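Reading the structure
Each chain, written out:
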Amino acid sequence: MSPRRVVITGMGVVTPIGSDLSTFWDALVNGRSGVGYITAFSTEGYSCKIGGEVKNFNPAPYFKNPKDIKRADRYTQLMMAGAKMAIQDGGLGDFSGVDLDRAGCYLGSGIGGLRSIEDQHTNLVEKGPSRVSPFMIPMMIANMASGIVAMEYGLRGPNMSIVTACATANNTIGEAWRTILFGDADLFVAGGAEAAIAPLGLSGFGNMRALSLRNDAPEKASRPFDRDRDGFVLSEGAGVVILEELQHARNRGARIYCELAGYGTSCDAHHMTSPCPDGSGAARAMEIALRHGKLNPADIGYINAHATSTSVGDIAETMAIKRAFGPTVSESLAISSTKSMTGHTLGAAGAVELAATVLAMREGVLPPTINLENQDPACNLDCVPNTAREKKVTAALSNSFGFGGHNATLAVRTFEG
């Protein structure tokens, strides 16, 4: 029996730069920022006043039962949107002809229902314990979006929510890949969502001095690899992909974007929030992904970098790429950070950025790192500064690293029958 292979057959994104693949891609290749002044609540008294909001989002089209909308936190609403878009993009319709016992959901969130926690705590303090919603717990817990998507579509296969901070979506996708290879499922709805633009989220990240304070020019605030970067931009969104075993996809005549060839995960075991300075943990994740995909460093033409625009993180990732790729870095490898446009969507970032990577391979165009005006000498790689670049890529990596030292890398390559 030949080894099982996993392909990507559908994608859905909800982001500050677009809530469909076409708008999202157009913004990426044209270098448009989705960062602006926060409108969800008053930022008076906050050091940071900017973020990447999903504007004018209406959850109604993505739920069969309108009552369920009020029982779902915003992160779940965003996930439902991303999931439905991916399912439609994958041509799955109502899943007729799919064995639902072998169709699963691995959907995660780094933080979960932060807005629901805030709202219900306010009810508790101002109105008393009897006024706390009986739906508070299912609204706040980080696994509920995965459960609700499964309920909406009747997906009875493996279901799990992984929480690894900003590596969450890459881990959910990678573990779905592993489960298909192992033979326990044929199809997965996988990815992540986040909705942490809330008073607690903004103040918590702000007080740990992780956020950019470039309040006078929001669209310039996210500037990975730039000498003048001063922190990341808190954003919200969702990214979901459909993963299928190759023969399963062929049997239903699915359109195949590419093959998900490899997945690597590791831990820095170093610090709560800072990456290992020498990049060794992140390098191991990339090396494992390459090994699983039977890829050599020279095969990789593009990396969608985690690069969040923090002083320590961008340098550590540069070091990691040099450790994993050696001398091929300067000659053949281009990297870019699409967070320069989307901001940092935390637990959704991996799936959003995998979609960007897959589209870059399909279109033969690499999205730029915008706001790269004075490149940090310590980040001396080809970072595709400011302008998209035409380049045919047949294999690529997408990196995601999270607080706690979590590292996760996905390897994709063009599909060859």
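Below is a summary of the structure that appears in this document.

Here is what the cut-offs are and how they apply
Residue numbers restart at each chain and count upward from 1, following the sequence in its written direction. Per-residue local features are limited, in this predicted model, to residues with pLDDT of at least 70; the limit for side-chain atom pairs, both in listing and counting, is 80 or more; totals at the level of whole chains, interfaces and linings are taken over all residues. With hydrogens and water set aside, each side-chain value is computed from the structure's full complement of heavy atoms. Elements are defined by DSSP. Helices are runs of H or I of four residues or more, strands are runs of E of two residues or more, and each kind is numbered from the N terminus. Each residue is assigned to one of three classes by its accessible area relative to the maximum for its type, calculated with a 1.4 Å probe on protein chains only: buried under 20%, partly exposed between the two thresholds, exposed over 50%. We call two residues contacting when some pair of their heavy atoms lies within 4.5 Å. Only the protein chains shown count as cover for residues, with accessible areas throughout obtained via the Shrake-Rupley method and a probe of 1.4 Å. For the purpose of charge, His is not counted, nor are the chain termini; Lys and Arg are scored as positive and Asp and Glu as negative. Note that the charge is assigned to NZ on lysines, CZ on arginines, CG on aspartates and CD on glutamates. DSSP-based pairing: two strands are paired if at least 2 bridges between them are found. Here the axes come from fitting lines to C-alpha atoms, over the contacting stretch only for helices, and the angles between their N-to-C directions go from 0 to 180 degrees. For Phe, Tyr and Trp, rings pair up if their centres lie within 6.5 Å, where Trp contributes its six-membered ring, and each pair is then called stacked (planes under 30 degrees apart), edge-to-face (over 60) or tilted (otherwise).

1. Some words on the overall build of the protein
For the protein, the count of helices and strands is 14 helices and 14 strands. By its C-alpha atoms, the protein is 65 × 55 × 40 Å across when sized along the principal axes. Looking at the protein as a whole, 61% of its 417 residues qualify as buried. Sequence separation of 24 or more characterises 79% of the internal contacts of the protein that already satisfy a separation of 6 or more. Only carbon and sulfur atoms are counted for the fraction: they give 52% of the accessible area of the protein, which is about 15900 Å². If the 37 positive side-chain charges of the protein are averaged to one point and the 41 negative ones to another, these points end up 2 Å apart.

2. Here we look at unusual backbone geometry
In the Ramachandran plot, Ala165 falls in the positive-phi region, its phi being about 55° despite a non-glycine side chain. Here Phe225, not a glycine, exhibits a phi torsion of approximately 70°, which is positive. Taking the relative accessible area as the measure of exposure, Phe225 reaches 1% and is therefore buried.

3. Points about the pairing of strand S8 (residues 258-267)
Of all ten residues that make up S8, eight are buried, and the element is covered over most of its length. With two bridges connecting them, strand S1 (residues 6-14) and S8 associate as antiparallel partners. Each residue of the ladder has a partner; that of Val7, found in S8, is Glu259. Here eight bridges tie S8 to strand S14 (residues 406-413), and the two strands are oriented antiparallel to one another. Bridged to Thr265 within S14 is Ala408.

4. Brief notes about the sheet that holds strand S6 (residues 187-194)
Reading across from one edge, S5-S4-S6-S7-S1-S8-S14-S13-S9-S10 is the order of the ten strands in this open sheet, with mixed pairing throughout. This sheet does not close on itself; its edge strands, each paired only once, are strand S5 (159-160) and strand S10 (334-336). As judged from the eight bridges shared by strand S13 (residues 395-402) and S14, these two strands associate in the antiparallel manner. Bridge pairing links Ser400 to Ala408 in S14. Packing against the sheet, helix H6 (residues 144-153) makes contact with strand S4 (103-108), S5 and S6, and its axis sits at approximately 150° to S4. Strands in contact with helix H11 (residues 311-325) are strand S9 (302-304), S10 and S13; relative to S13, the strand with the most contacts, it is inclined by about 135°.

5. Details of the side chain of Ser146
Structurally, Ser146 can be placed in helix H6. We classify Ser146 as buried; its relative accessible area is 0%. Once residues lying within four places of it in the same chain are set aside, the contact partners of Ser146 are Cys105, Tyr106, Leu107, Asn159 and Met160.

6. Description of the packing of aromatic side chains
Scanning the model with the defined rule gives seven aromatic pairs in all. Centroid distance Trp177 to Tyr263: 6.2 Å. Interplanar angle 75°. Geometry classified as edge-to-face. Linking Trp177 in helix H7 (residues 168-182) with Tyr263 in strand S8, this pair joins segments that are 86 residues apart in sequence. Each of the two residues, Trp177 as well as Tyr263, counts as buried. A ring pair is formed by Phe205 and Phe403, whose centres lie 6.4 Å apart and whose planes are at 50°; its orientation type is tilted. On the criterion of sequence distance, the pair formed by Phe205 in helix H8 (residues 199-207) and Phe403 in the loop between S13 and S14 is long-range, its members being 198 residues apart. On the accessibility criterion, Phe205 (12% relative accessible area) is buried.

As far as function goes, none of this settles anything; it's purely spatial.
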